[in-house]
Amino acid sequence: HAHAHAHAHAHTHLATRQPRVKFSLARYLRTRLLKVESQVLHILASPEQKAKLSPAELDYAEKYERLVKEHFTHCVLDELPEPFRKFGEADDAGDALRPNQDTYVFCRIKEDLGEVQLDHTMDSRTPLNAGDLQVLRYLPIQALVENDEVVLI
């Protein structure tokens, strides 16, 4: 009898958590697609960035970029003089496509990293401990993100 009660309780617990898990997963996927949309030109121009997408995300990004380009061309570029009719083309340094990496991001520290100097103009150091949630400038932590020591959220 106790086993049946425990089993029923576990089933009820899972059933009540399922909608929350579905909601969280859907929210995560929406957020990821919004990030893909906001940086689609940079992502598709970079083999390294494209490799980070799933096949479905890559397909979505390519279709999204084509639709935005068609819409923008029809609504704006066709009305401009010929020299100004470029869409999403980088300058010689590739800067037009690169996202602003000197912006603040939300992140979670995966492992204890000790005191880290995040601002090279000052001598101060910031403690980065496992499990901490931080809002930090992206550029100083870029290598930590790439090494999977810090996760963007």
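This one's a predicted model, so the numbers in the text were calculated from it and none came from an experiment.

Parameters and conventions
Residues numbered from 1 in each chain as written. Predicted model: local features only at pLDDT ≥ 70, side-chain atom pairs only at ≥ 80, totals over all residues. Heavy atoms only, no water. Helix = DSSP H or I, 4+ residues; strand = E, 2+ residues; numbered from the N terminus. Contact = heavy atoms within 4.5 Å. Areas by Shrake-Rupley, 256 points an atom, 1.4 Å probe, with all protein chains shown as cover. Salt bridge = Lys/Arg side-chain N within 4 Å of Asp/Glu carboxyl O. Buried < 20%, exposed > 50% of the residue type's maximum accessible area, 1.4 Å probe, protein only. Arc of directions from axis to C-beta. Core = buried A, V, L, I, M, F, W, Y, C linked by side-chain atoms within 4.5 Å. Pairing = 2+ DSSP bridges. Axes fitted to C-alpha atoms, helices over the stretch in contact; angles between N-to-C directions.

## Some details on the overall build of the protein
- What the protein contains, in helices and strands, is 5 helices and 5 strands.
- Element order for the protein, N to C, with α for helix and β for strand: α-α-α-α-β-β-β-β-α-β.
- In the protein, the share of contacts with a sequence separation of at least 24, taken over all contacts with a separation of at least 6, comes to 46%.
- Summed over its atoms, the accessible surface of the protein is roughly 11,500 Å², and 57% of this surface lies on carbon and sulfur atoms.

## Comments concerning the pattern of salt bridges
- Taken as a whole and assessed by the stated rule, the structure comprises 5 salt bridges.
- In this structure, the salt-bridge partner of Lys63 is Asp59, at a minimum N-O distance of 3.1 Å. Linking Lys63 with Asp59, this pair stays in helix H4 (residues 55-75), spanning 4 residues, or about one helical turn.
- With relative accessibility at 36%, the residue Asp59 sits in the partly exposed group.
- Its salt-bridge partner being Lys110, residue Asp148 comes within 2.9 Å of it at the nearest N-O pair. Of the two residues, Asp148 is situated in the loop between helix H5 (138-146) and strand S5 (150-152) and Lys110 in the loop between strand S1 (104-109) and strand S2 (114-116); the sequence distance between them amounts to 38 residues.

## A short note on H5
- Among all positions of H5, only Tyr138, Ile141, Leu144 and Val145 are buried. Projected down its long axis, H5 shows its buried positions confined to an angular sector of 115°, all on one face.
- On its buried side, H5 packs onto S1, strand S3 (126-128), strand S4 (133-137) and S5.
- Among the residues trailing H5, Asp148 stands out with phi positive, at a value near 65°.

## Things to note about the nonpolar core
- Formed by Val105, Cys107, Ile109, Val116, Leu118, Leu128, Leu136, Tyr138, Ile141, Leu144, Val145 and Val150, the largest nonpolar core amounts to 12 residues.
- Elements supplying a minimum of two residues to this core: S1 and H5.
- Top contributing element to this core by residue count: H5, with 4 residues.
- In contact with Leu118, other than residues within four places in its own chain, are Thr126, Leu136, Arg137, Pro140 and Ile141.
- Val36, Ile43, Leu53 and Ala61 belong to the second largest nonpolar core, which has 5 residues in total.

## Section: the sheet that holds S4
- Here we have 3 strands laid out as an open sheet, ordered S4-S1-S5, and antiparallel in their pairing. The sheet is open, and its two borders are formed by S4 and S5, each paired with just one other strand. With strand direction ignored, the average angle separating the axes of adjacent strands in the sheet is 45°.
- Sheet analysis places S1 next to S4, joined by 5 bridges and oriented antiparallel. Bridge pairing in S4 places Cys107 opposite Gln134.

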